[in-house]
Every structure is written in structure tokens, then in C-alpha cells.
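Summary of the model geometry
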Amino acid sequence: MDRSPPRSDRGSMPPLSVAPMMDRTDRHFRVMLRAISRRVLLYTEMVTTGAILNGDRERLLGFDPEEGPLSLQLGGDDPKALAECARLAQDLGYDEVNLNVGCPSPRVKKGNFGASLMAQPQRVADAVDAMLDAVRLPVTVKHRIGVDDLDRYDDMRRFVDVVAEAGCRRFTVHARKAWLEGLSPKENREIPPLRYDDVYRLKRERPDLEIEINGGVTDLHQAADHLRRVDAVMIGRAAYDRPFLFADADRRFFDPEAEVASRAEVLDVLFRHTERQLARGLPLSRIVRHFMHLFVGCPGARAWRRTLSEDARAAGAGVDVLRRAASAIPPGVLESRPDFAVSIH
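Residues numbered from 1 in each chain as written. Predicted model: local features only at pLDDT ≥ 70, side-chain atom pairs only at ≥ 80, totals over all residues. Heavy atoms only, no water.

Some words on the overall build of the protein chain
We count it as follows: Strands here mean DSSP runs of E at least two residues long; helices mean DSSP runs of H or I at least four residues long; both are numbered from the N terminus. A simple rule labels every residue: compare its accessible area, found with a 1.4 Å probe on the protein chains alone, to the largest value its type can have, and call it buried under 20%, exposed over 50%, or partly exposed in between. Contact between two residues is taken to exist if any of their heavy atoms lie within 4.5 Å; hydrogens are not considered. The sign given to each residue is positive for Lys and Arg and negative for Asp and Glu; His and the chain ends receive no count. Charge positions come from single atoms, namely NZ of Lys, CZ of Arg, CG of Asp or CD of Glu.
Along the protein chain, the regular secondary structure elements total 17 helices and 9 strands. Its C-alpha atoms give the protein chain principal-axis dimensions of roughly 55 × 50 × 45 Å. For the protein chain, the proportion of its 345 residues judged to be buried stands at 57%. When contacts within the protein chain are restricted to residue pairs at least 6 apart in sequence, long-range pairs at least 24 apart make up 74% of them. Taking the average location of the 53 positive side-chain charges in the protein chain and that of its 52 negative ones, the two points are 3 Å from each other.

Regarding helix H9 (residues 196-205)
At 3.6 residues per turn, the α-helix brings residues three or four places apart onto the same side. Of the positions making up H9, those classed as buried are Tyr 196, Asp 198, Val 199, Tyr 200, Leu 202 and Lys 203. Among the structural elements, helix H7 (153-165), strand E7 (170-174), strand E8 (210-214) and helix H10 (220-226) are those in contact with the buried residues of H9.

Section: the layout of surface pockets
Note the following rule: As defined here, a cavity is a set of points on a 1 Å grid over the protein atoms alone where a 1.4 Å probe fits but cannot get out. A pocket is an open set with protein on both sides within 12 Å along at least five of seven lines, and residues line them when an atom is within 4 Å of a point. Grid points are joined across faces, edges and corners, and a volume is the space filled by probe spheres set on the points. Note on residue classes: Ala, Val, Leu, Ile, Met, Phe, Trp, Tyr, Cys and Pro are nonpolar, Asp, Glu, Lys and Arg are charged, and everything else, Gly too, is polar.
Of the pockets and cavities examined, the largest pocket occupies roughly 760 Å³. Lining the largest pocket are 31 residues, with Pro 20, Met 21, Met 22, Arg 189 and Arg 237 sitting closest to its centre. Every element with two or more residues in the lining of the largest pocket is listed here: strand E6 (139-144), strand E9 (232-235) and helix H11 (237-241). For the lining of the largest pocket, the residue count by class is 13 nonpolar, 11 polar and 7 charged.

A look at the pairing of E7
Consecutive side chains of a regular strand alternate in pointing toward one face of the sheet and then the other. Rule in force here: In this description, strands pair whenever DSSP reports at least two bridges between them.
The element E7 is largely enclosed, with a buried count of 5 among its 5 residues. Residues Arg 170, Thr 172 and His 174 point to one face of E7 and Phe 171 and Val 173 to the other, with burial holding for every one of them. Inspection of the sheet shows E6 paired to E7 by 4 bridges, in the parallel sense. Looking at the pairing, Lys 142 lines up with Thr 172 of E7.

Looking at the packing of H7 against H9
What counts here: Each axis is a line fitted through C-alpha atoms, and for a helix only the stretch in contact is used; angles between axes span 0 to 180 degrees, taken between their N-to-C directions. Working rule for angles: under 35 degrees goes down as roughly parallel, over 145 as roughly antiparallel, 65 to 115 as roughly perpendicular, anything else as oblique. Left-handed describes a crossing whose near helix is turned anticlockwise from the far helix through less than a right angle; right-handed describes the clockwise counterpart.
At their nearest, the axes of H7 and H9 sit 11 Å apart, and the two run at 45° to each other. The angle between H7 and H9 places the two elements in the oblique class. In this structure, H7 crosses over H9, and the sense of that crossing is right-handed. Where H7 approaches H9, its residues Tyr 153, Asp 154, Met 156, Arg 157 and Val 160 are matched on the opposing element by Asp 198, Arg 201, Leu 202 and Glu 205. Within the contact of H7 with H9, the residues separate by chemical class into 4 nonpolar, no polar and 5 charged.

Here we look at the nonpolar core
So the rule is basically this: Joining through side-chain atoms within 4.5 Å is the link that ties buried Ala, Val, Leu, Ile, Met, Phe, Trp, Tyr and Cys residues into a set, and such a set is a nonpolar core.
Within the largest apolar cluster, 117 residues are counted, with the highest numbers of intra-cluster contacts made by Leu 16, Val 141, Phe 246, Leu 294 and Trp 304. Looking at this core, the element that brings in the most residues is helix H6 (residues 121-134), giving 8 residues. Once residues within four sequence positions are removed from consideration, Trp 304 is found in contact with Leu 267, Phe 291, Met 292, Leu 294, Phe 295, Leu 322, Ala 325, Ala 326, Ala 328 and Ile 329.

Considerations on H7
Here is the rule we go by: One fewer than the residue count of a helix, multiplied by 1.5 Å, yields its expected span.
The terminal C-alpha atoms of H7 lie 18 Å apart, and with 13 residues this matches the ideal 18 Å at 1.5 Å per residue to within 8%. All of the buried residues in H7 are Tyr 153, Asp 155, Met 156, Phe 159, Val 160, Val 162, Val 163 and Ala 164. As for H7, its buried residues are in contact with strand E5 (96-101), H6, E6, E7 and H9. Once H7 ends, the next one or two residues include Gly 167, with phi positive near 120°.

Considering the pairing of strand E4 (residues 70-75)
Buried residues dominate E4, accounting for 6 of its 6 residues. Of the two faces of E4, the one holding Leu 70, Leu 72 and Leu 74 and the one holding Ser 71, Gln 73 and Gly 75 are both buried throughout. Bridge count between strand E2 (residues 42-43) and E4: 2 bridges; the pairing is parallel. Looking across to E4, one finds that Leu 42 is bridged to Leu 70. Sheet topology note: the strand E3 (residues 47-48)/E4 ladder contains 2 bridges and is parallel.

This is the structure we're talking about:
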């Protein structure tokens, strides 16, 4: 007997998330973000089904329990393979499975995944249907406004309608179109104009769906403004470049009584995490490379970055390098708890 919850009842979208970013949102970066915010939804980097089914699953899918809530983002177009990967995600304890229909890298067209699937809504619907049959988790889709010349609002709405018919209730919309030819992935994040009004319109016309907006959001004030029109906001590059901006996220968007973390508390988490990962045999440079921006804008930030970038590569480098880097930060910066204004959306 199938005891899975109805597809329409599989969770509710958190109002704020950190975007999946290739070569950015690995388990070490996620541990740091989770120490800053306990409630924001985090994502893995995109992982292709082929890599998971044929590769080192611990390296690709492993995570620490404290990283949750955590979504696994998959890349692929084969319903059977996606369903199998979704089952693995459920068995490992992920909170959600997300299908990437937005990545514009050169290999997506050849591999028929990412943004190229915007032109194949029924294929995406079949994939979502297979994953929803396989797991009890929410299955969500992240996509673009459009792709190449298939970029009218009506094209996007048709894509969403077809996929929603298969049971997907949550859509994260990157409010730019993607060009699969002529623009690099970086240019695809910057050159196509943002079309927020199309995302707002989608929410108005499909109020039964949960709609999250992504693209060009750089701070929590902008996020709060978007939340007057959509259900959730995803922040990407700003989360990586200035991770401590999320220190106020829990209190502002989830719970007015939530505590704001100090950077000293974040560092304590990073020291413990680093010691565990070193014991597993990981080199220090791989663990700390995404910690560089924790002190952006603070006194001592340059010395922090320099110590990590130069000394972490040394043979046998240990957690003492991280502690030495932290010693460049004034105690007042480490212990302070920023006093933000509370404004639950």
C-alpha cells in the first residue's frame, strides 16, 4: 500500500533559500551557511544522474546532518535515472529533490539537461512524475524565463502548466532567459535582462502554485520586497560573496525570536567541522576555500583571506591555520551580534 503523502501536501516552500552554485555550494560552504542561518533552505551543487549512478556517491552526495534543510539538485532528463537518484536522496536524508532546468553551460545541450529542457516540457513532466512516484519528498523544478527564442511569457507559462499537471507544485524561476549559443554561463547570469514582472504575473495567474524568484537579488531588503509578490526568494552570488548577510535571515523571515549568530560562533562550528574533515583525509585547502568571504568588510579580512589562501595549501596543514587566520580579526568583530530590524514578511 502506498503511504506517500499526496503530491500537493509535500511540504511548504521556505521563504528564503541559497541557490545551488557549481563549485560553490559544497558541503563545507553549506556548513558555514548553516551556522549563520538555521532555517534558510540550502542546495547542493547540481549533480548529474550519470555521475551519481556511476561515481563516488559519498563524495557526490555526502553531507552532515546539521546542513538541513537541504535539497539535492539533479541534472538529467531520463525519468528512470532521475527516479533512482531521488530514491537515493530520500534514503540519505535529503529534505527535497530539485530538477535543474536552468543551467546554460555548453554541455547541457549535448547532454539534454539544464536549460535545454525548457523546450521539452513534457519530458520534464515525465521526469517529475517518475520522481514523485519514487519518493515521499517534495520534487521541485528550477528553470529560466525562457531559452533561446522560446522566451515569451506564454512559453514559460505553458512549460509550468505542463509540469504542474504532473504534480510539481513548486517552481523556482530564474528571471532571465538563457542563450545556449553565444553566451557563457557567466554571461547568461548577467547579460539577459531581468524580467521580474513575468515571475510576478506567473504567481498572480497560478496562485495555487508556490513560486520562488531568483536572479539579481543581493540583500535581504530586496528579498522582503519580492516576498510581497511571490512565495519565496532565492539568493545566489551574493550569498557566496557576503555570506554573513544571512545572519538576520532567521529573525527577519522565520521567527522574530531567533538569535542572531556572532562570527565567533560560526568559527567554532568551522573549527569542529574542519577537524572532522581532516580526520577523514581531506586536505585543508579543499575544506576552507569557501570560507574566504566570511569577514568581508571587516577589519582583518584581508589577513584572514591571505592566511587561508597561502598557508592552507602546505603539506600537512591543519586546523591551526584556520585558527591563525581568525586571530587577525579583532575580538569586537568576532563577538558582536549585528542589531538588525525585525520584519517578518
